[in-house]
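Report on the structure
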Amino acid sequence: MAKNYNTLTQIQHDLQSGAITVKELVTQYLHNIKQYAHLKAFNEVFEQEAIQKAEELDERIVTGTTGRLAGMVIAIKDNICYKGHQVTASSKILENFTSIFSSTVVERLLAEDAIIIGRCNCDEFAMGGANENSYFGPVKNMADESRVPGGSSGGSAVAVQAGMCHAAIGTDTGGSIRQPASFCGVVGLKPTYGRVSRHGIIAYASSFDQPGPITQSVEDAALLLEIMAGADDYDSTASREPVAAYSNLQPSSGKKKIAYLQEVLDSEGLDAEVKATLLKTIEDLKADGHTVEPVSFEYLDYVVPTYYILTMAEASSNLARYDGVHYGYRSPNAVDLVTTYKRSRSEGFGTEVKRRIMLGTFVLSAGYYDAYYAKAQKVRRLIKERTDEILKEFDFILTPTAPEPAFKIGRQDIDPIVTYLEDIFTVQASLAGIPAISLPMENNSAGLPLGLQLTTKAFNEAELLNFATYFVGLRKS
Ligand SMILES: NC(=O)C[C@H](N)C(=O)O
């Protein structure tokens, strides 16, 4: 299979005509996984299982009894539970832990005959923006192996970038799908909070976490969303809002009103080529007859601190369950209950996770709760209200996904705050609970991918995906 398939439609066309088989597809992905093993995109490859499922599917294709995702070979981020398979969140504390049930996301994908080829490396407990916080080592960007792939779903993005699978499922708390997608030149969609069930996703910050697709095309992102979305008895925050036929894309859906944020254009850390891409896109959109206007978003400087106070607080609570008693790593140096807790957690968690648990505990502690946690909740409300106000007047907000392209591996050792600030454009949608998509634009002069982000109102994914289909074509036309 020399061919590089951009969409599942193309794959299914060739499966139907007999030009390829699912087994050949899987074999090709497995070949690529071996060829690019040094990028460390996978924590585990389900090789034999994938081949066996491919053989089964090939038989059913002949009888016409396959589901909508037949031929879709996907990778899942290693914080998504899949019954009978290990799930580690790239942490020592969960090393060798096996899921006893599948996440709703996995169940829905399997029910439509997707093949899951493996679980992908990520930042430990999804905490990071460079995939350097993994217990299993950093992931490398295929576009430049001295650079990070972004994070926390870095392995998932690289797996798609390097053709190790057709698509991947990541999770996004404050940009973990979108930022690696932009660093790796692929499409990354964070749905509305509650659009996709979180049941069976290892929790980081429960009022933010959302699973979503990482793909080569908007078309596949739409299809995967349609299959994963919807109410779920196992997650009371999964919305009952009807699931639209996202995959029924209507690319020419008229002229739109698009806002760009003046503070983003003026922000200090914005890379010159990223800025140029944004400005050129604004001109292209105007030339096509869309209304594109600057608006003021006066809270830009507050989004990162607000996001980190709230997510660290939630993380400190969520990660309390890893105590060396119930499951996961237990320190061999423990001698009693207290040392079991202390040593298992000290030895089992990595530096960044411990930093966040401690800061999260601090902002929730008596005497500091009002000054930090309660205040951050109020600021979240202000950010959400202002964002909703902009989106009442405009269809979309357009920003770069990240202030700069993929940076060098090792930089975050110098200062974690630098990595936190990378989230400045992605966390607005996370705080507001609204959908956002990162779309690949042209590479910069050093050959590094750049992405732009479109954000829209809650549960407006259909319009977002329709427009995204047109948007990715802007550079090609
Ligand atoms: N999890 C995410 O969405 C990534 C974000 N940089 C964080 O560390 O919280």
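In this text the structure is predicted, and so the values were computed from the model without any measurement.

Regarding the overall build of the protein chain
Counting its regular elements, the protein chain contains 16 helices and 11 strands. Relative to the compact-globule value of 23 Å for 477 residues, the protein chain shows a C-alpha radius of gyration of 21 Å, a close match. For the protein chain, with 477 residues in total, the buried portion stands at 60%. Of the contacts formed within the protein chain by residues at least 6 apart in sequence, a portion of 74% connects residues at least 24 apart. For the protein chain, the exposed surface amounts to about 18,300 Å²; the carbon and sulfur share of it is 52%. Taken together, the 45 basic and 58 acidic charged side chains of the protein chain have centroids lying 3 Å from each other.

Side note on the nonpolar core
With 89 residues, the main nonpolar core has V26, L109, I117 and F471 as its most contacted residues. Looking at this core element by element, the count peaks at eight residues for helix α7 (residues 218-228). Among residues more than four places away in sequence, those in contact with L109 are L69, I74, A114, I169, L224, I227 and M228.

A few points about the sheet that holds strand β6 (residues 210-215)
Pairing is mixed in the open sheet, where 11 strands are placed in the order β1-β3-β2-β4-β6-β5-β10-β11-β9-β7-β8. On the outer flanks of this sheet lie β1 (42-45) and β8 (291-295), each paired with one strand and no other. Pairwise comparison of adjacent strand axes, ignoring direction, gives a mean angle of 25 degrees for this sheet. Contacts between helix α16 (residues 461-472) and the sheet are confined to β5 (187-190), β7 (257-261), β9 (396-400), β10 (436-440) and β11 (451-455), with β10 contributing the most and set at about 15 degrees to the helix.

With respect to the UniProt feature "active site" (unreviewed entry) in the protein chain
Here the UniProt feature "active site" (unreviewed entry) sits at K77, S152 and S176. Spanning 100 residues, the named residues form one tight spatial group whose C-alpha atoms are at most 10.7 Å apart. You can see K77 is positioned in strand β2 (residues 73-77). With residues up to four places along the chain from it excluded, the contact list for K77 reads C120, C122, A126, S152, S153, S156, I169, G170, T171 and S176. Following the sequence through the fold, S152 ends up in the loop between β3 (115-120) and α5 (154-161). On the basis of relative accessibility, which here comes to 0%, the residue S152 falls in the buried class. Excluding anything up to four places from it in sequence, S152 contacts K77, N121, C122, D123, A126, M127, G128, N131 and S176.

Some thoughts on unusual backbone geometry
Each neighbour pair has its own omega, and for G151 with S152 the value is 10 degrees, a cis peptide bond. The phi torsion at A126 lies on the positive side, around 65 degrees, for a residue other than glycine. Within the fold, A126 resides in the loop between β3 and α5. Classification of A126 by relative accessible area gives buried; the value is 5%. The phi dihedral of N131 is positive, around 60 degrees, even though this residue is not glycine. Relative to the helices and strands, N131 resides in the loop between β3 and α5.

Quick word on the site of the ligand
As a matter of local geometry, the ligand sits amid 13 residues, with A126, G174, S176, Y204 and Y307 nearest to it. Within the backbone of A126, one N or O atom sits 2.7 Å away from a nitrogen atom of the ligand. Taking G174, its main chain carries an N or O atom lying 2.5 Å from an oxygen atom of the ligand. Coverage of the ligand by the protein amounts to 99% of the 270 Å² it exposes when considered alone.

Things to note about the pattern of salt bridges
Evaluation of the coordinates by the stated rule reveals 22 salt bridges. One salt bridge connects K23 with E55, and the closest N-O pair in it is separated by 2.8 Å. Note that K23 is positioned in helix α2 (residues 22-35) and E55 in helix α3 (residues 47-63), a separation of 32 residues in sequence. Accessibility expressed as a relative area gives 33% for K23, which makes it partly exposed. Across the salt bridge formed by R119 and D78, the nearest N and O atoms sit 2.7 Å from each other. Taken together, the residues span a long stretch of sequence, with R119 in strand β3 and D78 in the loop between β2 and α4 (104-111) at a distance of 41 residues. In the salt-bridge network here, residues are joined through shared partners; they are E44, D78 and R119.

Some details on a nonpolar patch on the surface
Where nonpolar side chains cluster on the molecular surface, the patch consists of V325, L337 and Y341 and spans about 260 Å² of accessible area. By the secondary structure assignment, Y341 is in helix α11 (residues 337-348).

Quick notes on the side chain of R386
Along the chain, R386 falls in helix α13 (residues 370-393). Judged by relative accessible area, which is 17%, R386 ranks as buried. Discounting chain neighbours no more than four positions away, the residues touching R386 are S296, F297, E298 and Y299.

Some thoughts on the packing of α4 against α7
Axis separation between α4 and α7 bottoms out at 9 Å; the angle between their running directions is 110 degrees. Compared by their axis directions, α4 and α7 come out roughly perpendicular. Crossing angle aside, the handedness with which α4 passes α7 is right-handed. For the pair α4 and α7, the contacting residues are V105, R108 and L109 in the first and L224, I227 and M228 in the second. Taken together, the residues that form the contact of α4 with α7 break down as five nonpolar, no polar and one charged.

Thresholds applied
- Residues numbered from 1 in each chain as written.
- Predicted model: local features only at pLDDT ≥ 70, side-chain atom pairs only at ≥ 80, totals over all residues.
- Heavy atoms only, no water.
- Helix = DSSP H or I, 4+ residues; strand = E, 2+ residues; numbered from the N terminus.
- Rg over C-alpha atoms; globule rule 2.2 N^0.38 Å.
- Buried < 20%, exposed > 50% of the residue type's maximum accessible area, 1.4 Å probe, protein only.
- Contact = heavy atoms within 4.5 Å.
- Areas by Shrake-Rupley, 256 points an atom, 1.4 Å probe, with all protein chains shown as cover.
- Lys, Arg positive; Asp, Glu negative; His and termini not counted.
- Charge placed at Lys NZ, Arg CZ, Asp CG, Glu CD.
- Core = buried A, V, L, I, M, F, W, Y, C linked by side-chain atoms within 4.5 Å.
- Pairing = 2+ DSSP bridges.
- Axes fitted to C-alpha atoms, helices over the stretch in contact; angles between N-to-C directions.
- UniProt positions renumbered as here; feature names shortened; annotations may be inferred.
- Near = heavy atom within 4 Å.
- Polar contact = N/O pair within 3.5 Å; in protein donor to acceptor, adjacent residues only side chain to side chain.
- Salt bridge = Lys/Arg side-chain N within 4 Å of Asp/Glu carboxyl O.
- Patch = residues over 30% accessible without salt bridge, like charges linked within 9 Å, V, L, I, M, F, W, Y side chains within 5 Å.
- Parallel < 35°, antiparallel > 145°, perpendicular 65-115°, else oblique.
- Left-handed = near helix turned anticlockwise from the far one by under 90°.
- Nonpolar A, V, L, I, M, F, W, Y, C, P; charged D, E, K, R; others polar.

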